[in-house]
Amino acid sequence: MDTKLLAVDYPALHIFWTLLELFLWILWFFLLFKIITDIFRSHDLSGWGKAGWLVLVIILPLIGVLAYLIARGGSMGKRDVEQAQRSEAAFKAYIRDAAGTAPEGGSTAVGATGRGHVDDLARLADLKDRGAISDEEYQRAKDKLLT
């Protein structure tokens, strides 16, 4: 009965190579899914253009992904930024709606005092986002407003 240890049969270089291959597969699938979502998110492609890119990426993945990155890779970042801006605008609109304030001084059911606090908090958040105040200053001012 001959029993061998796994470490003897599988040297460290093989372990490193296996982990590298696993990492590259994960990276490849991330890139593939990123490109597929970008194809569907793109508003400047027609339906046939989206279908063509999708078929190319699925049938010939290496050539399709590389061709997509060469042809449309520069605008992928712009579409990501636009999507983030739309999400942020929707989130801010939801917050304004939940707080009962209007975006440009419209009348709401909430009294002026509640609206003033929400506006002050929004201004503080804007100052923090622009880097005009630090996180500590933001937190102190927010605590002061809420107490």
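Since this is a predicted model, take the numbers as computed values, not measurements. (Residues numbered from 1 in each chain as written. Predicted model: local features only at pLDDT ≥ 70, side-chain atom pairs only at ≥ 80, totals over all residues. Heavy atoms only, no water.)

1. Overview of the overall build of the protein
Then, in step 1: Within the protein, the regular secondary structure consists of six helices and zero strands.
Then, in step 2: Written out in order from the N terminus, the α and β elements of the protein read α-α-α-α-α-α.
Then, in step 3: The burial tally for the protein puts 14% of its 147 residues in the buried class.
Then, in step 4: Within the structure as shown, the protein displays about 11,200 Å² of accessible surface, and the carbon and sulfur contribution to it stands at 67%. (Helix = DSSP H or I, 4+ residues; strand = E, 2+ residues; numbered from the N terminus. Buried < 20%, exposed > 50% of the residue type's maximum accessible area, 1.4 Å probe, protein only. Areas by Shrake-Rupley, 256 points an atom, 1.4 Å probe, with all protein chains shown as cover.)

2. Description of the environment of Leu 146
Then, in step 1: Mapping Leu 146 onto the fold places it in helix H6 (residues 135-146).
Then, in step 2: Measuring from C-alpha to C-alpha, the distance between Leu 146 and Leu 121 comes to 9.1 Å, with 25 residues separating the pair along the chain.

3. A look at the nonpolar core
Then, in step 1: One finds Leu 32, Ile 35, Ile 36, Ile 39, Leu 45, Trp 53, Val 57, Val 65, Tyr 68 and Met 76 forming the largest nonpolar core, which totals 10 residues.
Then, in step 2: Contributing elements (two or more residues each) for this core: helix H2 (12-41), helix H3 (47-59) and helix H4 (61-99).
Then, in step 3: Take this core: its biggest share by element is four residues, from H2. (Core = buried A, V, L, I, M, F, W, Y, C linked by side-chain atoms within 4.5 Å.)

4. Digging into the pattern of salt bridges
Where side chains of opposite charge bring their charged atoms close, a pairing between them can arise.
Then, in step 1: Under the definition given, this model contains seven salt bridges.
Then, in step 2: For Arg 72, the salt bridge goes to Asp 44, with nearest N and O atoms at 3.1 Å. Pair noted here: Arg 72 is in helix H4 and Asp 44 is in the loop between H2 and H3, with a separation of 28 residues, a long-range link.
Then, in step 3: In this structure, Arg 123 engages Asp 120 in a salt bridge whose closest nitrogen and oxygen atoms are separated by 2.6 Å. Of this pair, Arg 123 and Asp 120 both sit in helix H5 (residues 112-130), three residues apart, roughly one helical turn.
Then, in step 4: The exposure class assigned to Asp 120 is partly exposed, which follows from its relative accessible area of 26%. (Salt bridge = Lys/Arg side-chain N within 4 Å of Asp/Glu carboxyl O.)

5. Looking at a nonpolar patch on the surface
Then, in step 1: On the surface, a cluster of nonpolar side chains totalling about 920 Å² of accessible area is made up of Val 55, Ile 58, Ile 59, Leu 60, Leu 62, Ile 63, Leu 66, Leu 69 and Ile 70.
Then, in step 2: For the nonpolar patch, the elements supplying multiple residues, two or more each, are H3 and H4.
Then, in step 3: With five residues, the single largest contributor to the nonpolar patch is H4.
Then, in step 4: Its relative accessible area of 56% is what places Ile 58 among the exposed residues. (Patch = residues over 30% accessible without salt bridge, like charges linked within 9 Å, V, L, I, M, F, W, Y side chains within 5 Å.)

6. What about the packing of H2 against H3?
Then, in step 1: One way to put it is that H2 packs onto H3 with a least axis distance of 9 Å and a crossing angle of 170°. When the interaxial angle is binned, H2 and H3 end up roughly antiparallel. In this structure, H2 meets H3 at a crossing whose hand is left-handed. Residues Leu 32, Ile 35, Ile 36, Ile 39 and Phe 40 of H2 form the contact with H3, whose participating residues are Lys 50, Trp 53, Leu 54 and Val 57.
Then, in step 2: Grouping the constituent residues of the contact of H2 with H3 by class yields eight nonpolar, no polar and one charged. (Axes fitted to C-alpha atoms, helices over the stretch in contact; angles between N-to-C directions. Parallel < 35°, antiparallel > 145°, perpendicular 65-115°, else oblique. Left-handed = near helix turned anticlockwise from the far one by under 90°. Contact = heavy atoms within 4.5 Å. Nonpolar A, V, L, I, M, F, W, Y, C, P; charged D, E, K, R; others polar.)

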